[in-house]
Amino acid sequence: MIKDYIRLIRWSNLMFIAILMWVMEKWVAVPVLNHIGFSEQLPWWLLLMLTLSTVLIAAGGYVINDYFDVKIDRINRPDRVIVAETVSKESAMLYFQILTGCGLALGVWSAAAVHSWTLGLIFVMVPGLLWFYSSSYKRLFLIGNLIISLAAGLTPLTIAIANIGYMNRLYGSIMQWMPVAHDLYLWLGGFALFAFLCTWIRETIKDLQDQMGDRELECHTMPIVIGETWTKVFITVLTLATMALIAVAHWCWLPFPTIWHSLATRFVVFGLLVPFACDLWLLWAAKIPSDYKTAQNVMKFIMFIGTMFSFVVLKLL
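In this report, we go over the structure that sits alongside the text. Keep in mind that what you see is a predicted model, and the values were worked out from it rather than measured.

**What to know about the overall build of the chain**
Here comes step 1: Helix and strand counts for the chain come out as 14 helices and zero strands.
Here comes step 2: In the chain, the succession of α and β elements from N to C terminus is α-α-α-α-α-α-α-α-α-α-α-α-α-α.
Here comes step 3: Its C-alpha radius of gyration of 20 Å places the chain within 12% of the 20 Å reference for a compact globule of 317 residues.
Here comes step 4: Expressed as lengths along the three principal axes of its C-alpha atoms, the size of the chain is roughly 60 × 45 × 30 Å.

Put into structure tokens, the structure is as follows:
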């Protein structure tokens with residue numbers, strides 16, 4: 001029974017979220033602040049509260065998604081149905097309310113601690129978006145995927161917003177003369193954009209994998225509206241655009257004479273661009289749901305490697 005409750009919240013995904021937030025703070029935000037002339041600003045307990053809040057809200061989102069997806073999952077993933085099988089729908093709803101309520105309370109408290117209305121708005125808005133996504137938006141053309149992608153992209157940005165809010169509280173008007181906000185938003189915004197685009201790609205591949213159940217329940221996901229081939233074309237264009245953005249950003253970041261021999265270049269080429277190309281090959285070769293599952297897993301690997309690029313930032317700044 002307890003095992004089913006743990007499976008319901010996708011504990012491995014929650015671990016990734018927690019690692020992502022810690023990495024964004026320690027390997028990106030702190031080196032950027034050190035480069036400007038500041039020491040680490042965000043207290044450990046505040047980082048912990050932000051991480052717990054994000055993880056709890058995400059966990060609640062997974063639970064409510066399974067709550068509303070029982071019929072679809074019985075077609076697409078009959079071996080993985082938990083809600084209405086080993087966990088009752090009433091228990092699942094209570095589980096969602098507890099997780100989301102605790103996450104929301106911690107998030108609002110963290111926002112108050114750093115004096116940031118923006119951070120508070122995010123922690124209030126995201127649980128609502130996850131509810132409406134699970135109940136209806138995920139069955140609509142494009143909207144559902146964009147909501148999940150936006151939620152993923154906001155995760156690195158919360159670290160930037162929290163640091164800026166906390167420093168504004170400490171240093172007041174001095175902050176307007178320092179490039180703190182600019183540099184934090186530039187670096188963490190880059191990771192946020194990467195998370196947004198990769199999540200959009202992965203969610204669209206997931207729609208290809210789940211189209212059998214989605215058709216049965218008259219959903220309007222991209223493969224159902226425009227067809228499987230055109231959905232693959234869309235994913236290809238989005239993937240190539242993401243690869244181009246990574247290449248251009250990298251080219252602008254490093255000086256020309258050193259770009260070909262740097263650690264960052266090898267990381268970008270072999271850790272990101274080559275796996276992206278492999279994923280496109282897997283996408284076009286896919287015929288059955290398990291093939292699309294493999295392409296999804298490659299995207300998860302790319303997202304993890306992209307997060308680890310922060311180690312390069314740590315070494316180079």
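**A word on the packing of helix α5 (residues 89–114) against helix α6 (residues 117–135)**
For any two helices packed against each other, one specifies the inter-axial angle together with the distance between the axes.
Here comes step 1: One way to put it is that α5 packs onto α6 with a least axis distance of 7 Å and a crossing angle of 165 degrees. In terms of their interaxial angle, α5 and α6 are classed as roughly antiparallel. Considering the relative orientation of α5 and α6, their crossing is right-handed. Contacts between α5 and α6 involve Met93, Phe96, Thr100, Leu104, Gly107, Val108, Ala111 and Val114 from the former and Leu119, Gly120, Phe123, Val124, Pro127 and Trp131 from the latter.
Here comes step 2: A per-class count over the contact of α5 with α6 returns 11 nonpolar, three polar and no charged.

**Concerning the layout of surface pockets**
Here comes step 1: Counted as a void, the second largest pocket has a volume near 580 Å³.
Here comes step 2: Lining the second largest pocket are 17 residues, and of these Gly190, Phe191, Ile246, Ala249 and Phe309 sit closest to its centre.
Here comes step 3: Secondary-structure elements contributing two or more residues to the lining of the second largest pocket are α8 (180–209), α11 (228–253), α13 (263–285) and α14 (289–316).
Here comes step 4: Per element, the largest residue contribution to the lining of the second largest pocket is seven residues, and it comes from α8.
Here comes step 5: In terms of residue class, the lining of the second largest pocket is made up of 13 nonpolar, four polar and no charged.

**Regarding helix α2 (residues 11–36)**
Here comes step 1: Spanning 26 residues, α2 covers 37 Å between terminal C-alpha atoms, matching the ideal 38 Å at 1.5 Å per step.
Here comes step 2: Its maximal kink placed at Ala29, α2 deviates by approximately 30 degrees, while the proline Pro31 follows within four residues.
Here comes step 3: Backbone geometry just after α2 places Gly37 at a positive phi near 120 degrees.

**A few points about the nonpolar core**
Here comes step 1: Judged by nonpolar contacts, the single largest core of 70 residues is most densely connected at Met24, Leu119, Leu184, Leu188, Ile205, Phe276 and Ile302.
Here comes step 2: Here the element with the most residues in this core is α8; it accounts for 12 residues.
Here comes step 3: Look past the residues within four positions of Leu184 in its chain and what remains in contact with it is Ala29, Val32, Leu33, Ala160, Asn163, Ile164 and Gly189.
Here comes step 4: Counting residues in each nonpolar core, the second largest holds 19 residues, with Val55, Ala58, Tyr67 and Leu99 among its members.

**What about the packing of α6 against helix α7 (residues 143–171)?**
Here comes step 1: Between α6 and α7, the shortest axis-to-axis distance is 11 Å and the interhelical angle comes to 160 degrees. One finds that α6 runs roughly antiparallel with respect to α7. Handedness of the crossing formed by α6 with α7: left-handed. Residue-level contacts link Thr118, Leu119, Ile122, Met125, Val126, Leu129, Leu130 and Tyr133 of α6 to Gly144, Ile147, Ile148, Leu150, Leu154, Thr158, Ile161 and Ala162 of α7.
Here comes step 2: Taken together, the residues that form the contact of α6 with α7 break down as 13 nonpolar, three polar and no charged.

Procedures and definitions
Residues numbered from 1 in each chain as written. Predicted model: local features only at pLDDT ≥ 70, side-chain atom pairs only at ≥ 80, totals over all residues. Heavy atoms only, no water. Helix = DSSP H or I, 4+ residues; strand = E, 2+ residues; numbered from the N terminus. Rg over C-alpha atoms; globule rule 2.2 N^0.38 Å. Axes fitted to C-alpha atoms, helices over the stretch in contact; angles between N-to-C directions. Parallel < 35°, antiparallel > 145°, perpendicular 65-115°, else oblique. Left-handed = near helix turned anticlockwise from the far one by under 90°. Contact = heavy atoms within 4.5 Å. Nonpolar A, V, L, I, M, F, W, Y, C, P; charged D, E, K, R; others polar. 1 Å grid on protein atoms, 1.4 Å probe; cavity = no way out; pocket = protein on both sides within 12 Å on 5 of 7 lines; lining within 4 Å. Points joined across faces, edges and corners; volume = space filled by probe spheres on them. Expected span 1.5 Å × (residues − 1). Bend = angle between axes of the 7 residues up to and from the residue. Core = buried A, V, L, I, M, F, W, Y, C linked by side-chain atoms within 4.5 Å. Buried < 20%, exposed > 50% of the residue type's maximum accessible area, 1.4 Å probe, protein only.

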